[in-house]
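Summary of structural features
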Amino acid sequence: IIELTPTDCNLILFVFRVLVSATMNITLFGGSAVFLTICGVNVNQILTSTPALTLTPCIWILIIAILLIPLTWLGTPKDFWSDCYYLTTMQFMIF
């Protein structure tokens, strides 16, 4: 029988905490990459009939990512009140 000291338990908990955090970050990165790709392709397909906006899906992915970056800087739900104005403005710009 192995006896674990409190220091050993803290080390084990730290390792698992880092492991869980790393896997969550990898999963979120992969999911967001897929969604950005889908958004870029969809916007490109919607706007292909507009000759003034003939950009590749790669460029649309960059544009969408740049527009969404400010939303990632918000920390807590109390900071989300400005989202209403930001997202409404984006909707009017798109349509």
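Going by the structure above, here's the rest.
As a starting point, this report considers the structure included with it. From a predicted model like this one, the values you see are computed outputs, not experimental measurements. (Residues numbered from 1 in each chain as written. Predicted model: local features only at pLDDT ≥ 70, side-chain atom pairs only at ≥ 80, totals over all residues. Heavy atoms only, no water.)

We now examine the overall build of the protein. The number of helices and strands found in the protein is three helices and zero strands. Secondary structure elements in the protein, listed N-terminal to C-terminal, are α-α-α. Taking 12 Å as the expected radius of gyration for a compact globule of 95 residues, we find that the protein reaches 21 Å, considerably beyond that expectation. Viewed in the frame of its principal axes, the protein has a C-alpha envelope of about 75 × 30 × 15 Å. Considering the protein as a whole, with its 95 residues, one finds that 6% of them fall into the buried category. Of the roughly 8,100 Å² of accessible surface on the protein, a fraction of 77% belongs to carbon and sulfur atoms. (Helix = DSSP H or I, 4+ residues; strand = E, 2+ residues; numbered from the N terminus. Rg over C-alpha atoms; globule rule 2.2 N^0.38 Å. Buried < 20%, exposed > 50% of the residue type's maximum accessible area, 1.4 Å probe, protein only. Areas by Shrake-Rupley, 256 points an atom, 1.4 Å probe, with all protein chains shown as cover.)

This part takes up the side chain of N44. Tracing the sequence through the fold places N44 in helix α1 (residues 6-46). With relative accessibility at 16%, the residue N44 sits in the buried group. Residues within four places of N44 in sequence aside, it is in contact with L55, T56, P57 and W60. (Contact = heavy atoms within 4.5 Å.)

Nonpolar side chains collect at one region of the surface, where L55, I59, L62, I63, I66, L67, I69 and W73 lie side by side and expose about 750 Å² of accessible area between them. With respect to the secondary-structure elements, I63 resides in helix α2 (residues 57-72). Taking the relative accessible area as the measure of exposure, I63 reaches 31% and is therefore partly exposed. (Patch = residues over 30% accessible without salt bridge, like charges linked within 9 Å, V, L, I, M, F, W, Y side chains within 5 Å. Salt bridge = Lys/Arg side-chain N within 4 Å of Asp/Glu carboxyl O.)

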